[in-house]
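Observations on the three-dimensional arrangement
For reference, the chains in residue letters:
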Amino acid sequence: MEYDWLGFGYAALVAAGGVVGYAKAGSVPSLAAGLLFGGLAGLGAYQQSKDPKNVWLSLVASGTLSTVMGMRFYNSKKAMPGIIAGASNYSVPQFTDGWTAWIADDGKAS
């Protein structure tokens, strides 16, 4: 089994973003969201490591973060939302490739 190291790195970055938000501003919502979405992204990376076509959780987590953090960056111009939005924007096409492979197989599990 080949591990999705890029996905695990993304998950760690998201979780670290939540920790940094808490450390700098005392923001408990940032900590909770960072750990929640980092955990979901990590679980998605694990699922994708077991089955490269199983991208649903990763796609939803990175797509949601891309949208939410993109809007936060647009409104605040702060660095951390921009970093997370950029990493999420980079991750979405990776997961979309797995999704299109799943569609090409008519949705059959491998």
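Notes on the structure follow. Along each chain, numbering runs from 1 in the same order as the chain's sequence is written. With the structure being a predicted model, the display of local features is reserved for residues of pLDDT at least 70 and the display and counting of side-chain atom pairs for 80 or more, all residues being used for whole-chain, interface and lining totals. Computation of side-chain values: all heavy atoms of the structure, hydrogens and water removed.

In this section: the overall build of the protein chain. Think of it this way: any DSSP run of H or I at least four residues long counts as a helix, any run of E at least two long counts as a strand, and we number them from the N terminus. On a plain count of helices and strands, the protein chain comes out with four helices and zero strands. From first element to last, N terminus to C terminus, the protein chain shows the α and β order α-α-α-α. For each residue, the accessible area found with a 1.4 Å probe, counting protein chains only, is set against the maximum for its type, and the residue is called buried under 20%, exposed over 50%, and partly exposed in between. By the burial criterion, 32% of the 110 residues in the protein chain qualify as buried. Method for areas: the Shrake-Rupley scheme with a 1.4 Å probe, in which residue coverage is limited to the protein chains shown. Split by element, the accessible area of the protein chain, about 6500 Å² in all, is 68% carbon and sulfur.

Throughout this description, the term nonpolar core refers to a set of buried Ala, Val, Leu, Ile, Met, Phe, Trp, Tyr and Cys residues connected via side-chain atoms within 4.5 Å. With eleven residues, the main nonpolar core is built from Tyr 10, Ala 11, Val 14, Phe 37, Ala 41, Ala 61, Leu 65, Met 69, Ile 84, Ala 85 and Ala 87. Taken together, the elements giving at least two residues each to this core come down to helix 1 (5-25), helix 2 (28-50), helix 3 (56-76) and helix 4 (79-104). In this description, contact between two residues means that some pair of their heavy atoms is separated by no more than 4.5 Å. Once residues within four sequence positions are removed from consideration, Tyr 10 is found in contact with Ala 41, Ala 61, Ser 62, Leu 65, Ala 87, Ser 88 and Ser 91.

Right, let's get into unusual backbone geometry. Its identity is not glycine, yet Lys 77 carries a phi of approximately 60 degrees, on the positive side. Position of Lys 77 among the secondary structure elements: in the loop between helix 3 and helix 4.

Bringing the layout of surface pockets into the picture now. Lining residues are defined by having an atom within 4 Å of a point belonging to a cavity or pocket. Those points lie on a 1 Å grid over the protein atoms alone, cavities being sets where a 1.4 Å probe fits but cannot get out and pockets being open sets with protein on both sides within 12 Å along at least five of seven lines. Grid points are joined across faces, edges and corners, and a volume is the space filled by probe spheres set on the points. The computed volume of the largest pocket comes to approximately 510 Å³. Together, 23 residues line the largest pocket, and Ser 30, Met 69, Arg 72, Met 80 and Pro 81 are the ones closest to its centre. If you tally residues by element for the lining of the largest pocket, the top one is helix 1, at seven residues. Nonpolar residues are Ala, Val, Leu, Ile, Met, Phe, Trp, Tyr, Cys and Pro. Charged residues are Asp, Glu, Lys and Arg, and all others, Gly as well, are polar. Residues of the lining of the largest pocket, tallied by class, amount to 13 nonpolar, seven polar and three charged.

This part covers the packing of helix 2 against helix 3. Close contact between helix 2 and helix 3 brings their axes to 8 Å; oriented N to C, the two are set at 145 degrees. Note that helix 2 runs across helix 3; the crossing there is left-handed. Here Ser 30, Phe 37, Leu 40, Ala 41, Leu 43, Gly 44, Ala 45, Gln 47 and Gln 48 of helix 2 lie close against helix 3, whose contacting residues are Leu 57, Ser 58, Ala 61, Thr 64, Leu 65 and Arg 72. A breakdown of the residues in the contact of helix 2 with helix 3 according to their chemical character gives eight nonpolar, six polar and one charged. Axes, fitted as lines to C-alpha atoms, cover a helix only where it is in contact. Angles between the N-to-C directions of the axes lie from 0 to 180 degrees. Handedness of a helix crossing follows the sense of rotation of the near helix relative to the far helix, less than a right angle counterclockwise being left-handed and clockwise being right-handed.

So, about the packing of aromatic side chains. Classification of ring pairs uses Phe, Tyr and Trp, with its six-membered ring standing for Trp, and accepts pairs whose centres are within 6.5 Å; under 30 degrees between planes counts as stacked, over 60 as edge-to-face, and the remaining range as tilted. Tallying each qualifying case throughout the model produces three aromatic pairs. Aromatic pair Tyr 3 and Trp 5: ring centres 5.5 Å apart, planes at 55 degrees, arrangement tilted. Residue class for Tyr 3 comes out partly exposed when judged on its relative accessible area of 39%. A residue is classified by how much of its surface remains accessible, and Trp 5, at 62% relative accessible area, is exposed. One aromatic cluster in this structure is built from Tyr 3, Trp 5 and Phe 8. Here, a charge over a ring is recorded when the distance from Lys NZ or Arg CZ to the ring centre is within 6 Å and its angle to the ring normal is within 35 degrees. Over the ring of Phe 73 we find Lys 77, and its NZ or CZ is 5.9 Å from the ring centre.

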